[in-house]
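Descriptive analysis of the structure
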Amino acid sequence: MVTLAEVAQHAGVSASTVSYVLSGKRSISVSTRQRVERSIQELGYHPNAGARALASSRSNIIALMVPLRTDMYVPVMMEIAIAVATTARAHGYDVLLLTGEEGPDAVRRVTGSGLADAMILMDVELDDERLPLLRETDQPSVLIGLPADTTGLTCVDLDFGATGALCAEHLALLGHRDIAVIGEAPAVYERHTGFAERTLDGLRSRSRELGLRVLHRPCEGGYDAMALTLARILDERPGTTGFVVQNESAVEPLLALLRQKGRAVPEDVSVIAICPDQVATQASVRLTSVAIPAQDMGRHAVEHLIAKLEGRGEDDVVLIAPELTVRASTGPAPAAP
């Protein structure tokens, strides 16, 4: 294992000079810095993480809090987490993944132990219990999600309100007047999870402006739950011709059940999904969809966090504009009988 002393000997400088290059604590001439960096690269030297942390009072670790709940679509969460990890690594940081449903205790553990230099929080609720602690600490943090009150916080998210509105507009332009929203599992709404609530608010608000009738039904996902949900929708609103699905595990069961009931997509009913492109394009009917920009969300969160760590960042709310891609699952509303 290459030592700091060997790097110093190879570069023809003192060990303290190598240390200063690594820590940035003192100004070193450009030529000397470049010589040391070449030696580090050629020898394959990696500073001891513990020693580096002690010397700089930095761990070079970002804590990512992403509770893995059974009622959430884990592939999207993991795609965001991977984007966070790869972007952080490009900036010289590693990521500590905290997956337990610890709530405020996880924030206290990170801020009180020095485990990490900064935090990124996911699965944000409108009145998230973790937020008062974030506002009290000096440790930089970014939310991937949008709470009800963003004062004193930095947030990155898809504009889910605009996403819901975009779905309503697309169906209205096609002549649909009765729309059903098949949402996430009931527990997601019981927790007042931000993305689900904001999608519904945006869709309902725009639907009122456009004169659409909206029925919202949460769904656990899976075939049996979707069968019960669809039966309830068609019993309550038999004239429903437009569906908006914000539940990846309900997509394929819905399409199968519509086929069984003799309702062709898109001739009889139109379906829009809010989901990753992979889910939309691999469905049995290629779905018109609004994609979840997971990689952009993770990348923006890390970049804002790095800016804060370097003293350049300010509290900000970054909403990524939704993009609707029209595929084979939406068409003109059928003529009234």
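Because the structure is predicted, anything quoted here is derived from the model rather than measured.

**Details of the overall build of the protein chain**
When helices and strands are counted, the protein chain shows 14 helices and 12 strands. Along the first, second and third principal axes, the C-alpha atoms of the protein chain reach 90 × 40 × 35 Å. Buried residues in the protein chain amount to 49% of all 337 residues. If you take every contact in the protein chain between residues at least 6 apart in sequence, the share linking residues at least 24 apart comes to 71%. In the form shown here, the protein chain has an accessible surface area of approximately 15,800 Å², with 50% of it arising from carbon and sulfur atoms. In the protein chain, 31 positive and 43 negative side-chain charges are present, and the distance between their average locations comes to 3 Å.

**Here we look at the sheet that holds strand 5 (residues 155-158)**
Ordered by their spatial adjacency, six strands build an open sheet running 2-1-3-4-5-11, and the pairing between neighbours is parallel. Taken across any chain shown, the strands that pair with only one partner, and hence form the sheet edges, are strand 2 (94-98) and strand 11 (317-320). Ignoring which end each strand starts from, the neighbouring axes of this sheet average 20 degrees apart. Here strand 1 (residues 61-65) runs beside strand 2; their pairing, made up of five bridges, is parallel.

**Some details on the packing of aromatic side chains**
One pass over the structure, following the stated rule, counts one aromatic pair. Consider the rings of F160 and F195, whose centres lie 5.6 Å apart with planes at 50 degrees: the pair is tilted. Separated by 35 residues along the polypeptide, F160 in helix 8 (residues 160-173) and F195 in helix 10 (residues 194-210) bring together distant segments of the chain. Like F195, F160 is buried.

**Brief notes about the domain arrangement of the protein chain**
Structurally, the protein chain comprises domain 1 (4-47), domain 2 (61-158 + 294-320) and domain 3 (160-292). Just the C-alpha atoms count here: the centres of domain 1 and domain 2 sit 33 Å apart.

**Quick word on the layout of surface pockets**
Its volume calculated, the second largest pocket comes out at about 200 Å³. Taken together, 15 residues form the lining of the second largest pocket, with R69, G103, E125, D128 and R130 sitting closest to its centre. Residue composition of the lining of the second largest pocket, grouped by class: five nonpolar, two polar and eight charged.

**Some words on the environment of P132**
Residue placement: P132 occurs in helix 7 (residues 131-136). With relative accessibility at 43%, the residue P132 sits in the partly exposed group. Each C-alpha atom, one on P132 and one on H170, is 39 Å from the other, the two residues being 38 residues apart in sequence.

**Some points on the sheet that holds strand 8 (residues 242-245)**
Ordered in space as 7-6-8-9-10-12, the six strands form an open sheet in which the pairing is mixed. Both edges of this open sheet fall to strand 7 (213-218) and strand 12 (324-325), since each of them pairs with a single strand only. Relative to strand 7, strand 6 (residues 178-183) runs parallel, the two being bridged by six bridges. Pairing of V181 across the sheet is with H216, part of strand 7. The strands touched by helix 10 within the sheet are strand 6, strand 7, strand 8 and strand 9 (270-274), with strand 7 carrying the most contacts at an inclination of about 165 degrees.

**What to know about the pattern of salt bridges**
According to the stated counting rule, one finds 18 salt bridges in the structure shown. R69 serves as the salt-bridge partner of E125, at 3.9 Å between the closest nitrogen and oxygen. Remark: R69 occurs in the loop between strand 1 and helix 5 (74-90) and E125 occurs in the loop between strand 3 (118-121) and helix 7; sequence separation between them is 56 residues. E236 is the salt-bridge partner of R232, the closest N and O atoms lying 3.1 Å from each other. Remark: E236 and R232 occur in helix 11 (residues 223-236); sequence separation between them is four residues, near one turn of the helix. By relative accessible area, which is 46% here, R232 ends up partly exposed.

Cut-offs used in this document
Residues numbered from 1 in each chain as written. Predicted model: local features only at pLDDT ≥ 70, side-chain atom pairs only at ≥ 80, totals over all residues. Heavy atoms only, no water. Helix = DSSP H or I, 4+ residues; strand = E, 2+ residues; numbered from the N terminus. Buried < 20%, exposed > 50% of the residue type's maximum accessible area, 1.4 Å probe, protein only. Contact = heavy atoms within 4.5 Å. Areas by Shrake-Rupley, 256 points an atom, 1.4 Å probe, with all protein chains shown as cover. Lys, Arg positive; Asp, Glu negative; His and termini not counted. Charge placed at Lys NZ, Arg CZ, Asp CG, Glu CD. Pairing = 2+ DSSP bridges. Axes fitted to C-alpha atoms, helices over the stretch in contact; angles between N-to-C directions. Phe/Tyr/Trp six-rings, centres within 6.5 Å; stacked < 30°, edge-to-face > 60°. Domains from an automatic or database assignment. 1 Å grid on protein atoms, 1.4 Å probe; cavity = no way out; pocket = protein on both sides within 12 Å on 5 of 7 lines; lining within 4 Å. Points joined across faces, edges and corners; volume = space filled by probe spheres on them. Nonpolar A, V, L, I, M, F, W, Y, C, P; charged D, E, K, R; others polar. Salt bridge = Lys/Arg side-chain N within 4 Å of Asp/Glu carboxyl O.

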